[in-house]
Amino acid sequence: MANVRIAGTGMTAFGEHAGRTGRDLFAEAGIDALEDAQLDPDDIEELYYGNFMGELAEHQGHQAPLFAEAVGIDAPATRFEAACASGGTAVRAAVQAVRNGEADAVLVGGTERMTDMGTAGATDGLSIAADDLYEIKAGMTFPGAYALMASAYLDAYDADADDLAHIAVKNHDNAVVNEKAHFQSAITVEDAVEAPRVASPLGLYDACPISDGAAAVVLTSESFAADHDLDAPVSVTGTGQGTDNLALQDRESLYRTPAAETAAETAYAEADITAADVDCAEVHDCFTIAEVLATESLGFFEPGEGLAAAKAGETTRDGSIPVNLSGGLKAKGHPVGATGVAQIAELTKLLSGTHARSDALDDPSVGIAHNAGGTVATATVHVLERTTEVDA
Amino acid sequence: MSPEMRHNGYDNLLDAIEDGEGYYLACPEGHGSLPPRRVCPECGSRDLTDEPLPDAGEVVAATTVSVPGPKFADDAPYVTAIVDFGPVRLTGVVRGTDEEPGPGFVVGVDVEETTTEGERVVTFRPR
């Protein structure tokens with residue numbers, strides 16, 4: 001089984017790109033990733049592409065061949081859709097393809113164009129990640145679903161909803177120096193607590209923004225990296241994926257995410273690591289409560305202790321396990337299909353020491369990407385490790 | 001937005017709830033699920049039978065939605081809740097109470113119309 005190297009990364013700025021087509025956003029990210037890897041489009045043997053709602057956003061299905069063309073790639077191109085985990089599932093498929101020798105060099109990317117839909121349109125579009133019959137028709141929105149999870153968590157552990165604000169404050173603060181982030185501005189706990197409610201107990205600052213953007217990374221086999229003298233010090237050493245009931249009402253617990261637990265268990269086993277080995281993590285904080293559930297599912301904290309740990313600063317730059325040094329979805333932004341790929345791009349820079357927040361880490365070697373779809377009915381976890389030696 | 005069409009199974013259940021004859025699907029192991037299903041999601045049994053939906057259930061979690069989707073624009077703010085009826089849980093809009101209900105609040109299930117478009121929606125009212 002071939003080891004998988006990350007040879008290049010590319011991202012558009014995340015934010016509002018009014019009028020820019022998805023194909024143009026992806027072309028920017030894909031070309032950046034290829035240039036970063038110092039490879040040509042002709043070197044790429046497969047495109048794995050994540051996108052959630054291109055049909056709704058810009059009336060464009062069948063995006064993979066179109067977007068391959070936009071980057072100049074003439075190779076098999078396949079789209080992956082798993083709601084907000086679309087990017088993560090594309091990464092996982094790309095890792096598997098390189099591992100099993102089907103391809104030596106692949107481009108994996110994702111795009112979402114959302115802001116032109118407006119708040120109501122995007123809210124409606126995002127809701128299709130839920131069960132249409134038993135959730136959407138019952139008035140459940142995406143923020144409403146996470147609000148139900150938050151409500152259940154706070155009730156189960158007798159926790160204070162205001163404490164969620166500490167996660168929003170941390171992620172905004174981390175994003176201040178991230179030039180690709182949707183928001184590069186700090187907020188206070190008071191800002192978050194006093195903001196209008198979107199779906200109680202969650203307010204405006206508990207929610208990630210609606211963003212446009214694209215991300216791409218080049219994955220190669222270790223032998224390809226050696227043969228082409230690529231600067232690719234970071235490897236993907238573990239990949240895992242889990243599934244849960246789509247509808248919240250069908251789950252045993254509203255405040256646990258077993259799909260992410262399964263994904264983490266698989267990825268950790270492949271990489272032969274434990275949660276204690278992890279130096280930093282990019283997790284799917286579409287809402288503040290989602291980061292709490294993620295850090296518990298990844299084993300950083302026991303169930304019921306994630307929120308208190310966040311309040312105590314354990315996940316800040318100075319904490320025991322820095323989480324979302326990029327700003328996370330919360331402040332970096334969440335162009336849905338791009339998110340899972342962008343996490344890989346951010347972690348690659350963090351482990352390479354080239355990230356704007358690299359000074360928060362002391363010689364890091366292991367990073368984790370946690371990407372979730374819907375209310376975590378799909379979850380992917382990837383383990384990235386800095387392994388400079390090449391065995392080929 | 002979902003196209004206007006009938007969804008057999010789901011719409012049959014709403015018809016039954018409107019008639020006061022709500023039901024759920026039960027497998028021989030006692031697992032409950034909601035139609036349309038051919039397989040018990042818990043154990044894989046294909047031997048599913050209709051059983052009467054309990055008359056009342058308890059709120060598991062509730063939220064007051066202030067930013068709705070277009071089909072609920074004129075309904076907001078409204079309360080969405082997941083209610084536990086024992087063998088199955090249902091999601092719907094809570095009506096008939098001014099307070100956002102907490103866990104354990106007892107409700108019955110009905111089918112009413114949304115304010116925005118007059119579409120059928122599962123509702124819960126205090127019992």
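Scroll up to find the structure this text is about.
First, a word on scope: everything that follows refers to the structure included in this document. Not measured: the values here are computed from a predicted model. (Residues numbered from 1 in each chain as written. Chains lettered and ligands numbered in written order. Predicted model: local features only at pLDDT ≥ 70, side-chain atom pairs only at ≥ 80, totals over all residues. Heavy atoms only, no water.)

### What about the overall build of chain A?
Now for step 1: Within chain A, the regular secondary structure consists of 14 helices and eleven strands.
Now for step 2: Relative to the compact-globule value of 21 Å for 392 residues, chain A shows a C-alpha radius of gyration of 19 Å, a close match.
Now for step 3: Expressed as lengths along the three principal axes of its C-alpha atoms, the size of chain A is roughly 55 × 45 × 40 Å.
Now for step 4: Counting over 392 residues, chain A shows a buried share of 65%.
Now for step 5: For chain A, the proportion of contacts with a sequence separation of at least 24, taken over those separated by at least 6, is 78%.
Now for step 6: With the model as given, the accessible surface of chain A reaches about 13100 Å², and the carbon-plus-sulfur share is 44%.
Now for step 7: Charged side chains of chain A number 20 positive and 64 negative; the gap between the two group centres comes to 4 Å. (Helix = DSSP H or I, 4+ residues; strand = E, 2+ residues; numbered from the N terminus. Rg over C-alpha atoms; globule rule 2.2 N^0.38 Å. Buried < 20%, exposed > 50% of the residue type's maximum accessible area, 1.4 Å probe, protein only. Contact = heavy atoms within 4.5 Å. Areas by Shrake-Rupley, 256 points an atom, 1.4 Å probe, with all protein chains shown as cover. Lys, Arg positive; Asp, Glu negative; His and termini not counted. Charge placed at Lys NZ, Arg CZ, Asp CG, Glu CD.)

### Describing the interface of chain B and chain A
Now for step 1: Between chain B and chain A, the residue contacts involve 33 residues of the former and 29 residues of the latter.
Now for step 2: Counting the surface lost from both chain B and chain A, the interface buries some 2600 Å², and carbon and sulfur atoms represent 57% of this.
Now for step 3: Between chain B and chain A we count one salt bridge in total.
Now for step 4: With a shortest N-O distance of 3.6 Å, B:R37 and A:D250 are connected by a salt bridge.
Now for step 5: Inspection of the chain B/chain A interface yields ten residue pairs in polar contact (both at pLDDT 80 or more).
Now for step 6: Where the side of chain B that touches chain A is concerned, the elements lending two or more residues are α1 (10-18), β4 (56-65), β5 (78-84), β6 (89-94) and β8 (120-126) of chain B.
Now for step 7: When residues of the side of chain B that touches chain A are assigned to their parent elements, the largest contribution, six residues, is made by β4(B).
Now for step 8: Of the residues that constitute the side of chain B that touches chain A, the class distribution is 20 nonpolar, nine polar and four charged. (Buried area = accessible area lost by both parts, 1.4 Å probe. Salt bridge = Lys/Arg side-chain N within 4 Å of Asp/Glu carboxyl O. Polar contact = N/O pair within 3.5 Å; in protein donor to acceptor, adjacent residues only side chain to side chain. Nonpolar A, V, L, I, M, F, W, Y, C, P; charged D, E, K, R; others polar.)

### A look at the sheet that holds strand β3 (residues 77-80) of chain A
Residue and element names in this part refer to chain A.
Now for step 1: One open sheet accounts for nine strands, arranged β3-β2-β4-β7-β1-β8-β11-β10-β9; its pairing is mixed. Only two strands of the sheet have a single neighbouring strand rather than two, namely β3 and β9 (280-282). Direction aside, the axes of adjacent strands within the sheet are offset by 25° on average.
Now for step 2: On top of the sheet, helix α4 (residues 86-99) reaches β1 (4-11), β2 (46-50), β3, β4 (105-112), β7 (213-221), β8 (234-243), β10 (366-373) and β11 (378-386); it is set at about 125° to β8, its chief contact.
Now for step 3: Helix α10 (residues 258-271) rests against β8, β10 and β11 of the sheet, and its axis sits at about 145° to β8. (Pairing = 2+ DSSP bridges. Axes fitted to C-alpha atoms, helices over the stretch in contact; angles between N-to-C directions.)

### What about the packing of helix α1 (residues 22-37) of chain A against helix α3 (residues 63-71) of chain A?
All names here are of chain A.
Now for step 1: The geometry of α1 relative to α3 is characterised by a closest axis approach of 8 Å and an angle of 55° between their N-to-C directions. Classified by the interaxial angle, the pair formed by α1 and α3 is oblique. For the pair α1 and α3, the sense of crossing is right-handed. Along its contact with α1, which presents G22, R23, F26, A27, G30, I31 and L34, the element α3 presents L66, F67, A70 and V71. (Parallel < 35°, antiparallel > 145°, perpendicular 65-115°, else oblique. Left-handed = near helix turned anticlockwise from the far one by under 90°.)

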